[in-house]
Amino acid sequence: HAKSTGANRVAAFEPGMQTEIEKLFLIEEDLKTALALGQLSVHVQPQYNNARAVIGAELLMRWTHPERGPVSPADFIPVAETSGLIVPLGEWVLEQAMQTLLALERLACDVSLSVNVSPRQFRQLDFVDRVRALLQRTGARADRLIFEITEGLLVERSDSVLVQMNELIALGIRFSIDDFGTGFSSLGYLKRLPIHEIKIDRSFINGVPDDEGDVAIVRSVLLMARQFRLQVIAEGVEDQRQVDFLFANGCEGLQGFLFSRPQAVDHWLAELALAPH
Ligand code: C2E
Ligand code: MG
Ligand code: MG
Ligand code: MG
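Residue numbers here run from 1 along each chain, matching the order of that chain's written sequence. Ligands are numbered from 1 and chains lettered from A, in the order in which they are written. Under the rules for a predicted model, residues below a pLDDT of 70 receive no local features and side-chain atom pairs below 80 are neither given nor counted, while totals for whole chains, interfaces and linings still include all residues. Hydrogens are left out, water is left out, and the side-chain values use all remaining heavy atoms of the structure.

(A) Quick look at the environment of Phe 127. With respect to the helices and strands, the residue Phe 127 is situated in helix α6 (residues 127-138). Residue classification places Phe 127 among the buried positions, given a relative accessible area of 3%. Spatially, the C-alpha atom of Phe 127 lies 9.7 Å from that of Val 87, the residues being 40 residues apart in sequence. In DSSP terms, a helix is any run of H or I states spanning at least four residues, a strand is any run of E spanning at least two, and both are numbered starting from the N terminus. Exposure categories follow from relative accessible area, calculated using a 1.4 Å probe and restricted to protein chains: below 20% of the type maximum is buried, above 50% is exposed, and the middle band is partly exposed.

(B) Spotlight on helix α13 (residues 265-274). Among the residues making up α13, those that are buried are Val 265, Trp 268, Leu 269 and Leu 272. Along the axis of α13, the buried residues cluster in a sector spanning 100 degrees; they form a single face. Turned more than 90 degrees away from the buried face of α13 sit Asp 266 and Leu 274, all of them exposed. Any two residues whose heavy atoms approach within 4.5 Å at even a single point are treated as in contact. Contacts made by the buried residues of α13 are with β1 (40-48), β2 (54-65), α4 (86-106), β4 (112-116) and β10 (263-264). In this description, the arc belongs to the directions extending from the helix axis to the C-beta atoms.

(C) Spatial organisation of the coordination of the magnesium ion (ligand 3). With water omitted from the atoms examined, metal sites may look incomplete; donors here are N, O and S atoms no farther than 2.8 Å from the metal, or 3.2 Å in the case of Na, K and Ca. Every protein donor of the magnesium ion (ligand 3) is accounted for by Asp 178 (OD), Asp 179 (OD), Glu 235 (OE) and Glu 235 (OE), and the metal-donor separations fall at 2.0 to 2.6 Å. Along the chain, the residues donating to the magnesium ion (ligand 3) are arranged with the sequence spacing D-D-x55-E. Here the magnesium ion (ligand 2) and the magnesium ion (ligand 3) are spaced 4.1 Å from one another, each receiving a donor from Asp 178. On the criterion of sequence distance, the pair formed by Asp 179 in strand β6 (residues 174-180) and Glu 235 in the loop between β8 (231-234) and α12 (240-248) is long-range, its members being 56 residues apart. Asp 179 gets classed as partly exposed once you look at its relative accessible area, which sits at 24%.

(D) Geometry of the packing of α4 against α13. Running from amino to carboxyl end, α4 crosses α13 at an angle of 15 degrees, the nearest separation of the two axes being 11 Å. It follows from the interaxial angle that α4 and α13 lie roughly parallel. Two packed elements cross with a definite hand, and for α4 against α13 that hand is right-handed. The residues of α13 that touch α4, namely those facing Thr 100, Ala 103 and Leu 104, are Val 265, Trp 268, Leu 269 and Leu 272. A per-class count over the contact of α4 with α13 returns six nonpolar, one polar and no charged. Note on method: axes are straight lines fitted to C-alpha atoms, helices fitted across the in-contact stretch only, with angles between N-to-C directions ranging 0 to 180 degrees. Roughly parallel here means an angle under 35 degrees, roughly antiparallel means over 145, roughly perpendicular means 65 to 115, and every remaining angle is called oblique. Handedness of a crossing is defined here by the sense of rotation of the near helix relative to the far one, left-handed for an anticlockwise turn of less than a right angle and right-handed for a clockwise turn. Put simply, Ala, Val, Leu, Ile, Met, Phe, Trp, Tyr, Cys and Pro go in the nonpolar bin, Asp, Glu, Lys and Arg in the charged bin, and everything else, Gly too, in the polar bin.

(E) Representation of the coordination of the magnesium ion (ligand 2). Every protein donor of the magnesium ion (ligand 2) is listed here as Glu 58 (OE), Asn 116 (OD1), Glu 148 (OE) and Asp 178 (OD), and their distances to the metal cover 2.0 to 2.2 Å. All donors of the magnesium ion (ligand 2) come from a single chain, and their spacing in sequence reads E-x57-N-x31-E-x29-D.

(F) Highlighting the packing of α4 against α6. Put simply, α4 and α6 touch, their axes get as near as 10 Å, and they point 35 degrees apart. Seen from above, α4 lies across α6 with right-handed handedness. The residues of α6 that touch α4, namely those facing Glu 91, Leu 94, Glu 95, Met 98, Gln 99 and Leu 102, are Arg 130, Val 131, Leu 134, Leu 135, Arg 137 and Thr 138. Considered class by class, the residues forming the contact of α4 with α6 number six nonpolar, two polar and four charged.

(G) Summary view of the nonpolar core. Formed by 82 residues in total, the largest nonpolar core has its most connected members in Phe 122, Leu 145 and Phe 147. Broken down by element, this core gets its largest block of residues, eleven residues, from α4. Not counting the four nearest positions on each side in its chain, Phe 147 is found in contact with Leu 94, Val 115, Val 117, Phe 127, Val 131, Leu 168, Ile 173, Arg 174, Phe 175 and Ser 176. By nonpolar core is meant a set of buried Ala, Val, Leu, Ile, Met, Phe, Trp, Tyr and Cys residues that side-chain atoms within 4.5 Å join together.

(H) Focus on the confidence of the model for the protein. For every residue, the predictor states its confidence as a pLDDT score lying anywhere from 0 to 100. On average, residues of the protein score 91 in pLDDT, and 92% of them reach the 70 mark or higher. Within the model, the stretch residues 1-11 combines pLDDT values under 50 with four contacts to residues more than four positions away or in other chains. Both confidence scores are given for the complex: pTM 0.93, ipTM 0.98.

(I) A look at the site of ligand 1. Proximity is defined per residue: if any heavy atom of the residue lies within 4 Å of a molecule or strand, that residue is considered near it. The full set close to ligand 1 counts 22 residues, and Arg 62, Asn 116, Asp 178, Glu 238 and Phe 257 are the nearest of them. Contacts described as polar in this section are N or O atom pairs within 3.5 Å, which, within protein, must combine one atom able to donate a hydrogen with one able to accept it, while residues neighboring in sequence count only if both atoms come from side chains. Interatomic distance of 3.1 Å between a side-chain N/O atom of Asp 179 and an oxygen atom of ligand 1. Arg 202 has a polar side-chain atom sitting 2.9 Å from an oxygen atom of ligand 1. Elements with a contribution of two residues or more to the shell around ligand 1: β2, α3 (73-83), α4 and β6. Here the shell around ligand 1 gets four residues from one element, more than from any other, and that element is β2. Partitioned by chemical class, the residues of the shell around ligand 1 number nine nonpolar, five polar and eight charged.

Right, here's the structure in full:
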């Protein structure tokens, strides 16, 4: 009956909107089976320091639909969030991260892996138990795992989120604030929570070094991070002038198309196996 209510509601909208809503609905229907049908995969995008050494990498979910081809995370992640499908999908990515950590260990490559964790995952009462069980089952090291969360999760100010974060930190997991600066959160959490890292959003990195406003924001964030002893990663680095500006201003890690596009995990591991590190 949920379907028929949806269809009735759709009928009241303009034709253009109808296709948009139908598209989202189709995405949700197809996404339900995507994992079971092996249509999902994980890509990885490395992060580099001033010496061009890989210091970490972020795992990013990919979906190749049998008819529509690759579907952008910008289209399917929001659907997965609202439907709750992000919970099993996110857990699957987490397991992929742990398997990848084992492969990195076999290569004697000690980089950390970052995984995007949705607020929906945190709202599971047994989230910490599930993470702990996955760690035990895979044998992966928790101290090589970074959970990327957004300011939105911290805005909730829910005590249970703080308790869960501290339990995960006790396991060795570190936390990174993704898309830093785009949320409406107060900075108070920086003094309350043992955050390890912040990732400056691509929208601010875009404008450096030419846009005065972006320059001011990025410099201020880097100064503040130093006071809090936070590591900083810049997202979406696309040209050398951004690199020069960011390293000159003390940013530790850069991630972006200039260095590397997100790539298949196996491809990346093969590359690491050949390169000295
Ligand atoms: P994000 O976590 O902020 O990830 C960074 C996004 O920026 C990725 O988009 C990446 O491909 C893109 N990117 C990296 N370097 C550059 C660059 O130089 N230029 C430009 N224009 N873009 C760059 P992607 O893979 O499309 O993912 C979009 C968002 O979807 C992610 O943003 C994240 O919020 C979400 N997402 C992806 N995978 C997962 C996942 O496994 N779980 C959850 N909860 N969310 C995910
Ligand atoms: Mg991220
Ligand atoms: Mg981001
Ligand atoms: Mg994002």
